[in-house]
Amino acid sequence: MPPLQRDPPILQELCILLVNDQYGELASKVFSVLCRTGRSTLAALARASYLTGKQIKHGLVTLIQQHLIFHYAADPRVTFYEIDWQQAYSLLRYGRMASMIEHRYGKKASNILLNLVTFGHASVADLNNAYFPPPDTDSDNESEDGEANGSTLPKAAAYVANHSLHSLTNGDGPMTNSGSKTNGAKKENTFLPNNNVANSSVNNKAKRVSDTNASHDHEMADAEEDENNIRTIAELHELIHLLMLNGWIVRVNAAHYLSPGDTHEIARQEILEEEYHGNMPTGTKDKDNLVGQVARRKRRIRDEALAAPHCQSRKRKREDRELDRSSKRLKTMGVDQWTPRNHPGPQDDETLVVRVNMEKLSVAMRTEHLVRLVEKRLSKVTAKIYEAMLWTLEYNQPRCYEPWPDPYVRPDPAAATYVDPSLLITAKDIVKILSRHLDLCEGLDPEAVLEVVPGHRIEEKGNIAPPIKPFDIPFKQRLQLIEKHIWQLSFDPFNFVTWHSSLNGKCTEWHIEYDKIAKTMIQREVDNTIGTRADKLGVKLVRALKKKGRLDEMEMGEAMMMNPNDIRAIVSDLAMKGFVQTQEIPKVDRRESKLSWHLAWFDLQRTREKLLHDTYKGMVRLMQRLAFEKEQVKELLAKAERSDVVGNEDKYLSPGEREALKRFQGVEEALWVQLGREDELVAILRDFVGPFVSV
Amino acid sequence: MPPESKTEPPPDDESALASVGPSKVDALYSKCAEAPQGTFFIQRELASMQIAESTGQLLALLQELTDRHLMKSLELHDGQPCWVLRTREEAEKLRQMSADERLLYQMIDDAQNDGVWSKALRARAGLTPQRTNKVLKALESKGLVKAITNVKVPNKKMYLLKDLEPSPEIAGGPWQTDGEYDLALIHAVSNLVEKYVREKTWKQVPVGMNRLPQDIEENPRMHSVPRNMSIQLYPSAKSILRYITEGQFIKEKRITEGYMEELLDMMTLDGRLEKMSATTYRTARDSSFGMNGFVEAPCGTCPVFDLCGNEGEITASTCAYFTEWIDARAEDR
Ligand code: SF4
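Below: a short report on this structure. (Residues numbered from 1 in each chain as written. Chains lettered and ligands numbered in written order. Predicted model: local features only at pLDDT ≥ 70, side-chain atom pairs only at ≥ 80, totals over all residues. Heavy atoms only, no water.)

**A look at the overall build of chain B**
In step 1: Scanning chain B from terminus to terminus reveals 15 helices and twelve strands.
In step 2: Counting only residues that meet the buried cut, chain B has 45% of its 333 residues in that class.
In step 3: A separation threshold of at least 6 residues defines the contact pool for chain B, and within that pool the share at least 24 residues apart is 52%.
In step 4: Looking at chain B as shown, the accessible area adds up to about 17,800 Å², and 51% of this sits on carbon and sulfur atoms. (Helix = DSSP H or I, 4+ residues; strand = E, 2+ residues; numbered from the N terminus. Buried < 20%, exposed > 50% of the residue type's maximum accessible area, 1.4 Å probe, protein only. Contact = heavy atoms within 4.5 Å. Areas by Shrake-Rupley, 256 points an atom, 1.4 Å probe, with all protein chains shown as cover.)

Next comes the structure, spelled out in structure tokens:
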């Protein structure tokens, strides 16, 4: 190693820690060698490390199975390996993904996801076996079956994980063995707190919203508890199909193993062959064309790889969509109806290999953030309505933004107002999926309510009398009330929705300008960060600079209505923390501070990258602290995990040990929760709007 | 161009006086004094007073008054000459001035509420800096002129007639006093504005306003809902200004729509107001800053964040902030 090697970029560091945490030392060693070398062949990897070729190979198998690296063999004799940063980072998100799916489609569906995640990718047959082990396996498969389904989900996942890792890394060096043995269990430990928290926040939210509902929903939910087990293979397949239709899981395709660079190269070569007889075009216009053609080809390669088989069913009518978290509804209005019985589903092909699609999670995370924002800025019921709109639109959104857009051309005015019809939405589209017990009057000006529902009055205290029973509001009035909420969403300076058209006799159509909102969200996080790291005036200054561009002290003073002398300190504090850029321009040919203009400006993209970088670094520190805390209680943990101790803690552990164990679990949970919170920030900063920033 | 004011007329020339007679001079002066102080008179107006018998005589009278510093001649923005009366005390003071004093005074007077920069005075009068300063001091002590600070260029001293308000250009409008932002005033007015806009844009209703009456307690928990109106009807600089003026909240200063807009812009930067349309505003429902995952964690606000490394003196394992943070979390649970 060269003596003065710089610290690896921070994202690499974070991913190495994550891989180490999930897949053990060998995998993370290979991973970190690949970090260092970049795109390389097996031979190059061997040269760059002290690992044996065999060790590297086994590490690579795990990493490939988990889609943490790309591989590509342009020449069949040489395969290049390259890290998939997005996927590696996503290790952090599996728990979140499961809870999002649970929120949308119920426990059974999230259960499938967790199983799939432990596999990396899996064939339908593998999943069949995980849920319904063939009768000729171990004698205890009865209980395994129950667990795969039940609420002791981690164990089921652990079972699957052990199973898959076992088959991959069977019988290798000591390192591998110990790695694979503990992996499954460890994995679940680490995800558990994360997952729990995600779940509980989801539950809280559900509770908050249902506060306004009658208790009816709760009773329904209780009754459903028992129904959380997948009972038949057909049901399993239907759920897989549901997740595929909505883009949460996708068929594994060769293109998934291509790195962005390779995809680009392949697309470019293809276009050059097909359109330009293998020669590089020379004219400017042709060159521009080429850029667009390559982008289009890349999209095609990707979209073909992502397309759910069984394409004709993808264009179902919107109203059929399953959006309710209650699995009761999933049953009554969902699955059975939209998988035509006479049509064999793709999942009936047991050789079909599927994996999770992390891009879809970004869409769901965006939804969640937006809903939370509306809750803060407007009201809970308005947020609930917005959530329904967003969920409905999610169906047609495989990702948050197009990383390979057509080159920019000035839109002609007619086209500028065009919105993809699949991204338009009306109150009618969501009225069916909102609970009829949701009190649509809440969160509106009572006067607005009475405009829609006459025959009531507003009392002195501000309440509506007699109360309007949510369940009894006629359909048309429900629509109107929903529209009142939607108008509020559009009035808000965040422009949560944008008006599209109100054709005569039709419902008002809306669309959502995600990119614009995403930028506002980034700005908001920058504000929050500055507000905490500096103060209110710092935020004000940044806003002033954002609005007006490059300003000198005088102009800053004018915008903030403050005396320039008081501003100087704020500017230098923010500049030191890297939030604003400054420049000194001498007015005379001497360089003297007093005789210079002091300019400052704010660059959102730059600040966004810096904040993302800092956040990664914060996460690395959390992981490092976790490792440190673990190290402190290493022996105790080993003891507590011994098979004779598990379940008999009271007998084998002293009160002091139990106390220490409890403390450690608390620390572990706090650190993972915080990692999850930082991950939410990463999503806002990185995943909702391009250009993708790699730090 | 009224040449009279620019070129110093010979003060002792009695001939003009002789030709028109002193009574007419006084009569014209008294007639003009009936109008409010500071009125601009154009020639047609003065002629209609029917004191002078001819235009020639009128001009002679005006010249006489000007010479005696009882009037000053100016130019309207369209180039038309006009005259303004001076008080007798003022004229008296002027008469007693030295030539240099009078010269500078007139230059300052000409500038009106734009003021003149002391350096410009010196250059135009061709005096030494010492002399200029001395003369200006003398004028100041006689209570004729005052020095003010230009908000744009704080180290430039500007001179202005004693009883003129500096133009907003130099004084910075109602929000500034002596070139400094009047923070107390801004604070007071912005609070008024915020309160007004909040009331106009949000309505306090009980949480669960649509429940059975018995569910609504004596003192129900309230929350804000947006008022039922279109965004064009939200408060604007105009309507907010009307509220402030009609409420007579500010006595000393006159606020114009433009200055109100300036304040509203500033409050938008504060996050206290939110822009709803090109001209209308509402208050933020909750203008507090949130936290985020980064700043909640110890590293997010750590003073040695940039020095902290994977190894070395400052690391996550040796870090005291982390220990503190973990202990605090443990206590919360
Ligand atoms: S680990 Fe400790 S010292 Fe390092 S950045 Fe975080 S809080 Fe600061």
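The discussion continues.
**Section: the site of the ligand**
In step 1: Around the ligand sit Arg621(A), Pro298(B), Cys299(B), Cys302(B), Val304(B), Phe305(B), Cys308(B), Ile314(B), Ala316(B), Cys319(B), Tyr321(B) and Phe322(B), and that is every residue in its neighbourhood.
In step 2: Of the chains in the model, those with residues near the ligand are chains A and B.
In step 3: Considered class by class, the residues forming the shell around the ligand number eleven nonpolar, no polar and one charged. (Near = heavy atom within 4 Å. Nonpolar A, V, L, I, M, F, W, Y, C, P; charged D, E, K, R; others polar.)

**Details of the sheet that holds strand 5 (residues 145-149) of chain B**
To summarise the sheet geometry, strands pair through backbone hydrogen bonds and adopt either a parallel or an antiparallel arrangement.
Residues and elements named next belong to chain B.
In step 1: In space, the three strands of this open sheet follow the order 4-6-5, with antiparallel pairing throughout. The two strands at the open ends of the sheet, each matched to only one other strand, are strand 4 (116-117) and strand 5.
In step 2: Relative to strand 6 (residues 157-161), strand 4 is paired through two bridges, and the arrangement is antiparallel. Paired with Trp 117 across the strands is Met 158, a residue of strand 6.
In step 3: On the sheet, helix 9 (residues 129-141) packs against strand 5 and strand 6 and is oriented at approximately 110 degrees with respect to strand 5. (Pairing = 2+ DSSP bridges. Axes fitted to C-alpha atoms, helices over the stretch in contact; angles between N-to-C directions.)

**A short note on the packing of helix 12 (residues 237-246) of chain B against helix 13 (residues 257-270) of chain B**
All names here are of chain B.
In step 1: Packing of helix 12 against helix 13 leaves a shortest axis separation of 9 Å and a crossing angle of 105 degrees. Here helix 12 lies roughly perpendicular to helix 13, going by the angle between them. Residues Ala 237, Lys 238, Ile 240, Leu 241 and Ile 244 of helix 12 touch helix 13, and the partners they reach there are Glu 257, Met 260, Glu 261 and Leu 264.
In step 2: In terms of residue class, the contact of helix 12 with helix 13 is made up of six nonpolar, no polar and three charged. (Parallel < 35°, antiparallel > 145°, perpendicular 65-115°, else oblique.)

**Digging into the interface of chain A and chain B**
In step 1: Between chain A and chain B, the residue contacts involve 70 residues of the former and 75 residues of the latter.
In step 2: Of the roughly 6,200 Å² buried where chain A meets chain B, counting both sides, 54% is carbon and sulfur surface.
In step 3: Lys203(B) is paired through a salt bridge with Glu447(A); the nearest N and O atoms lie 3.0 Å apart.
In step 4: Secondary structure elements with two or more residues in the side of chain A that touches chain B: helix 16 (358-377), helix 20 (446-452), helix 21 (475-491), helix 22 (514-533), helix 23 (536-548), helix 24 (553-560), helix 26 (604-632) and helix 29 (655-687) of chain A.
In step 5: Of the residues in the side of chain A that touches chain B, the class split is 25 nonpolar, 16 polar and 29 charged. (Buried area = accessible area lost by both parts, 1.4 Å probe. Salt bridge = Lys/Arg side-chain N within 4 Å of Asp/Glu carboxyl O.)

**Structural notes on the packing of aromatic side chains**
Two numbers describe a pair of aromatic rings. These are the distance of the centres and the angle of the planes.
In step 1: In total, this model carries eleven aromatic pairs over all chains according to the counting rule given.
In step 2: Taken together, a centroid distance of 4.8 Å and an interplanar angle of 80 degrees make the contact between Trp487(A) and Trp510(A) edge-to-face. Here Trp487(A) is found in helix 21, whereas its partner Trp510(A) is found in strand 10 (residues 509-511), with 23 residues between them in sequence.
In step 3: On the basis of relative accessibility, which here comes to 31%, the residue Trp487(A) falls in the partly exposed class.
In step 4: Their ring planes at 90 degrees and their centres at 6.1 Å tell us that Phe322(B) and Trp325(B) sit as a pair that is edge-to-face. Highlighted residues: Phe322(B) and Trp325(B), both in helix 15 (residues 320-332), separated by three residues, approximately one helical turn. Take Phe322(B) and Trp325(B): they sit in the same class, and that class is buried.
In step 5: Aromatic ring contacts, followed pair by pair, group Tyr386(A), Phe494(A) and Phe496(A) into a single cluster.
In step 6: Cation over ring: Arg366(A) sits above Tyr514(A), and NZ or CZ is 3.8 Å from the ring centre. (Phe/Tyr/Trp six-rings, centres within 6.5 Å; stacked < 30°, edge-to-face > 60°. Lys NZ or Arg CZ within 6 Å of the ring centre and 35° of its normal.)

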